[in-house]
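Secondary and tertiary structure notes
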Amino acid sequence: MIDGSTDPAPQGPQHRPPARGVWQQFRRHKGAVAGAAVFALMALGVLLGAAVYGVDPQYLDYLSRNQGISLAHPMGTDNLGRDTLARVLAGGQISLAVGVAAMVLSLTLGTFVGVMAGFFRRLDGPLMRFTDLFLALPVLPLLLVGIMLFRDPLRAALGPEAGIFILIVAVIGLTSWMQTARLVRGEVLAVKEREFVIAARGVGAAPRYIILRHVLPNALSPITVAATLGIANAIITESALSFLGLGFPSDFPTWGRLLFDGVPFLEIAPARVLWPGLAISLTVLSVNYMGDGLRDALDPRVRRH
Amino acid sequence: MSRLRGLILTTTILVVFATAAYAQRGADGELRMLYWQAPSVLNPFLSGGTKDIHAAAFVIEPLARYDDNANMVPALAAEIPTVENGGVAADLKSVTWKLRKGVTWSDGTPFTAADVAFTAAYCMHPDGGCNAAPRFENVAAVEAVDDHTVRISFKVAMPFPYGPFVGSTCPVIQKKQFEGCLGAKAPECTAQNFGPIGTGAFKVKEFRPNDVVRYEMNERYRNPDQPAFASVLVKGGGDAVSAARAVLETGEFDYAWNLQVEPEILAAMEKAGKGKVVSAFGTLVERLIVQLTNPDPALGDKRSTYQDGKNPHPFLSDPAVRRALSLAIDRNILVEAGYGQAGRVTCNILPAPPAYASTANDWCKTQDVAAANKLLDEAGWVRGSDGIRARDGVRLSILYQTSTNSVRQGTQALIKQMWRQIGVETELKNISASVFFGSDPASPDTYQKFYADIQMYANQFNGTDPQAYMQGWLCKEIPGPDNQWIGNNMPRYCDAEYEKLAAELAKTAGIEKRAAIAKRLNDMLMDYGALIPLVHRGEVGAHALSLGGVRINAWDALQWNINEWHRRK
Amino acid sequence: MSRYVARRLLFAVPTLLVISFIVFALLDLAPSDPTAQLPLTIPPETRQAIRESLGLGQPFHIRYLKWLDQFLVNEPLNLLERMWGIEIGDSAGRLRVRSWATRAPVVDLIASRLPQTLTVVGISYIVAILIAVPVGVYSACRQYSIFDQAGTFVTMVGFSVPTFFTGTVLIVVFSVWLDWFPSIYDTTHRVTDLESLLVQVRQMVMPVMVLGLFNAAQLSRFTRSSVLENLNQDYVRTARAKGVAERGVILVHVLRNSLIPVVTVIALGLPTTFAGAIITEQIFRINGVGQLLIGAIEGGDIPTVQTVTFIFAVLIVAFNLVADVLYGVLDPRIRYD
């Protein structure tokens, strides 16, 4: 530990730090602040950038296809003459939204199942067998059935874009929560036998209170990692979905799809894969540092000064 | 690749020692081919597709095959039977094939007419699930007249009697080997299906389904100096782009099959100087199918079904709209962006053989946005504030579906923009090929159900005779709930005139007369606008510069002349 | 513990039956069609006849029971026969689970695919563990050092860049430009001597690198965070206060207690070494179980998908049980009874 020595007396692990304290801790974490700044910048960039830049990401300028970086096309063009910058900006809106929403869904579901299974012994068997079932289900046929049953009703009810957005988020979330669930359960199984939880039980605290106050904060570290990896996973999975015809219509750019479509052109137009790849990596890195900061800030034992 | 270098080295050594290398069987070492769709079974009658037919064509042969110019050439037959040489009966109800003499199977037993008759029995068995069964549709009997003569008699007069045993999709299998595999037992004969004994230039040495096939030369092949290659490796798996790379850039393989990728990728790889991209044209046409019935989900059971013309499409039933959609497309751009040398602009659904190709529809070869706009203006379709045309509250808004494939998605995007110029709005949809071309009656996304306004795919016909193909647009071929959505008439086109003409084709003999009728059928479909042809597609492959004898063939399997392939010196 | 294991094993049987039923129902419901890949020149009536010949005309429950009988009764009997060279009952008339695409027994197909999958995916997993755990532990002990920052960067980029991208980049660099490694994996290659071993190593380098990096990225993140978590626990302070050397603290106390999430992730990952790595197998044409599965799914080959998935499910249940047992070993406070 670099700086854990200034205050040798640890604060009681029984208490979750108050919200303000968390924020102060988070603010002191340089990496976390940088991560948050980059993430906010990217989110803002794709939201405002598309409007400022003003080029239609679907417009085909056929005569200037497969171009490199130029003034007219700052990130080059693809094989049909679409402007890559416009597509990266437009794609970012969808990819960030899908990534964050699917990650939140998968994390919530996984954490809930994991905590329930780990904390309540009676639920452990059924919930974990349920997790086994989901782990064993072949994802592709599941997706095909999902499209067949829900694409048209959702498209009719919410329009092509919102309907498909919900379908994609649901599909990714519902097929990626199992790892989180097993991780959280493992942590909870260990945490629940620690002294402070036993003590809390001893004084008759309600399970809900114990879970929220003691168990969850102490199981946070795998959750933050799962969150970071979850965003990357969701962005990449989305590209696989659109390849299967489940995702957004093919002329709708997303980062994952741009990367996927660009790979065959790797030797002709390397810029095409560079930008979306960079955007995904940057997002994941920034979320990772935010996660690190959050974890440190929420960890009741770490106090940085 | 040092392995390959070693191989080339050995080959050169062999060449040095062989006095007449070109005429020496097995002198050229190993031929390495890449099929990104791997062969899954070597019995073409139970096959999963073209890849399996190709893999079997190394080994087993038909009576006659097509060369790369669509001419029929004898393989196991001594000659092609015709009315002139007495092979085809004057009433067109039977055909007699004279078999080549002195041919033996690779196990040494003689090839006889009994093998041919057995093959027919094998494929015509109702429980066999034989996919060449349509070739035998009107066959009454196949009998061995003597050891080297086979007579096929038909139930009706057949103006084109070359269905059975012509082309690699319908080869002859050995009676001795497959005798116990009739009907329901067919799939259980794994050893036979994985290692058919044949008369061809090679025989199967090792087969790992969906991975690798190894062949070695057949010492009993009828031409004593062929094949030049001692062995063949067919490796499967992966994707088309990396297959092209392994031939054109790294030189690990000699041939890569079916390279449906954007032309600039192939052109860039070709610059490495190790290989060459080749293509050949058959009858494959990438086309748009126009939905003539109403696909509105609100119709429930009646959605996309033909109700004797009482369920017309809200706007595609207007001939002006169909014509305008076709006029607005610049097919040259589609070819350039998606196909390169593997595509040509076409205005026909029946583009070949040359005698059958109509020139009456060539107006579509040049894009004419102004004319398309004028047509729509005259028909009363008025542009709204968003630039999209409408009439009586009906907007020209199209749902355009196709299977997932990067070239197809590129074509979709291009056409969407072209249609935008004439005030038509398009929503694109792509569906996984295994679903789109599947026929699960419960699935809404099949090409038969056609729950969209426009759909795109490519189709062709076997061999050179278009009769069965043109009969696909008869009224009885319209898919619907009554026939479990089984049928070929995707646009739901129904025209009494067309029916009459198609019936006439079935009765007419003589190439010229048949061609004239087939052209008229094609022109009727084109005039009506039930289908909008886009690109006449070729087969495309890549071979190493050192590989000689390749004559890529769109009318038959690539392996039709595998006995002539050799290493260039 | 042994009572717990016995109960879990007993419970595994109905679980697996339920899983097999749900998977079968799912596959039946899915809109894939075994005749979808046939050329369009084959007319719809013939396709229907082919489907009938595959047994698709039979009702759902009959097909499911047939599969159960073929896979759970006939296949094990066949295996016994082959192992001991004896004949049990009517062995010729016993139906085996046959793939629709190849018409070959599925079990034989899997057996022919396992060697390449286990070598490539298995070795890449071992490589990943060997890299990830030390890197994770060291990163945590030197939190925010240059090593940690660099490790974080590399692993996060490694995870966020998909294997279809890294695989292609490696092929372009090492096969096309440098000509060091083959871009296509030869599954028929046999290792007999040193030279052939070298060929085998050369063809494995790129796929193992691609998969190893991807798995190591994820594993090292979990290791790092878990070690970090434990470094601040009271018992570590106690051990330090008692004068235990730092190395001992880390290796004996911290590592052991940090392994719970690592064990979880590895237990979830090991069954996938059987199922193969679909994308990596595709890129390098390794044609292992993953390629078999994806091909079968695309081709609507239900018997193959069902069988592979079922074996996969058995492995998942088994490895998760192993993980649960290991939790108890790693942290004796965890009790299940």
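The structure we're discussing is the one just above.
About the cut-offs
Residues numbered from 1 in each chain as written. Chains lettered and ligands numbered in written order. Predicted model: local features only at pLDDT ≥ 70, side-chain atom pairs only at ≥ 80, totals over all residues. Heavy atoms only, no water. Helix = DSSP H or I, 4+ residues; strand = E, 2+ residues; numbered from the N terminus. Rg over C-alpha atoms; globule rule 2.2 N^0.38 Å. Contact = heavy atoms within 4.5 Å. Areas by Shrake-Rupley, 256 points an atom, 1.4 Å probe, with all protein chains shown as cover. Lys, Arg positive; Asp, Glu negative; His and termini not counted. Charge placed at Lys NZ, Arg CZ, Asp CG, Glu CD. Disulfide = S-S within 2.5 Å. Core = buried A, V, L, I, M, F, W, Y, C linked by side-chain atoms within 4.5 Å. Buried < 20%, exposed > 50% of the residue type's maximum accessible area, 1.4 Å probe, protein only. Buried area = accessible area lost by both parts, 1.4 Å probe. Polar contact = N/O pair within 3.5 Å; in protein donor to acceptor, adjacent residues only side chain to side chain. Nonpolar A, V, L, I, M, F, W, Y, C, P; charged D, E, K, R; others polar. Salt bridge = Lys/Arg side-chain N within 4 Å of Asp/Glu carboxyl O.

Glancing now at the overall build of chain B. Looking only at helices and strands, one finds 15 helices and 21 strands in chain B. The C-alpha radius of gyration of chain B comes to 25 Å, within 12% of the 25 Å expected for a compact globule of 569 residues. For chain B, the C-alpha atoms occupy an extent of roughly 80 × 55 × 40 Å along the three principal directions. The contacts in chain B between residues at least 6 apart in sequence include a share of 68% that link residues at least 24 apart. Total accessible area on chain B is roughly 20000 Å²; 52% of this is exposed by carbon and sulfur atoms. For chain B, the separation between the mean place of its 59 positive charges and that of its 61 negative charges on side chains is 2 Å.

The next thing to look at is the state of the cysteines. Residue and element names in this part refer to chain B. If you walk through the whole model with that rule in mind, you get four disulfides over all chains. By sequence order of its bonded cysteines, chain B has the disulfide arrangement 1-2, 3-4, 5-6, 7-8. Of all cysteine sulfurs in the structure, the one in Cys123 sits closest to Cys170, which takes part in no disulfide; the separation is 6.0 Å.

This part covers the nonpolar core. The tendency in soluble globular proteins is for nonpolar side chains to be buried side by side. In this structure, Met33, Leu63, Trp97, Phe165, Tyr215, Tyr255 and Trp565 of chain B are the most contacted members of the largest nonpolar core, which totals 130 residues. If one sorts the elements of this core by residue count, helix α12 (residues 302-330) of chain C sits on top with eight residues. Val225, Leu258 and Ala279 of chain A together with Val208 of chain C belong to the second-largest nonpolar core, a separate cluster that totals 85 residues.

Our next topic: the interface of chain B and chain C. Contacts between chain B and chain C engage 63 residues on the former and 54 residues on the latter. In total, about 4400 Å² of surface goes out of reach between chain B and chain C, with carbon and sulfur atoms giving 52% of it. Of all residues in chain B, Arg208, Ser434 and Ile486 of chain B give up the largest surface area on contact with chain C, accounting jointly for 12% of the area buried on that side. Counting across the chain B and chain C interface gives 17 residue pairs in polar contact (both at pLDDT 80 or more). Of all the elements in the fold, those that place two or more residues in the side of chain B that touches chain C are α1 (2-17), α5 (190-194), β7 (202-208), β8 (212-217), β9 (231-236), α6 (240-248), α12 (433-436) and β18 (454-459) of chain B. It is α6 of chain B that provides the largest number of residues to the side of chain B that touches chain C, a total of four residues. Each residue belonging to the side of chain B that touches chain C can be placed in one class, and the counts come to 23 nonpolar, 26 polar and 14 charged.

Turning our attention to the pattern of salt bridges. Going through the model one piece at a time under the given rule, you end up with 43 salt bridges over all chains. The salt bridge partner of Arg257 of chain A is Asp261 of chain A, with a shortest N-O separation of 3.5 Å. Residue Arg257 of chain A and its partner Asp261 of chain A are both found in helix α10 (residues 255-262); the two are separated by four residues, about one turn of the helix. With respect to burial, Arg257 of chain A and Asp261 of chain A carry one shared label: buried. The residue Arg224 of chain C makes a salt bridge to Asp148 of chain C at a minimum N-O spacing of 2.9 Å. Pair noted here: Arg224 of chain C is in helix α7 (residues 194-231) and Asp148 of chain C is in helix α5 (residues 146-160), with a separation of 76 residues, a long-range link. Asp148 of chain C matches Arg224 of chain C in its accessibility class, with the two residues each being buried.

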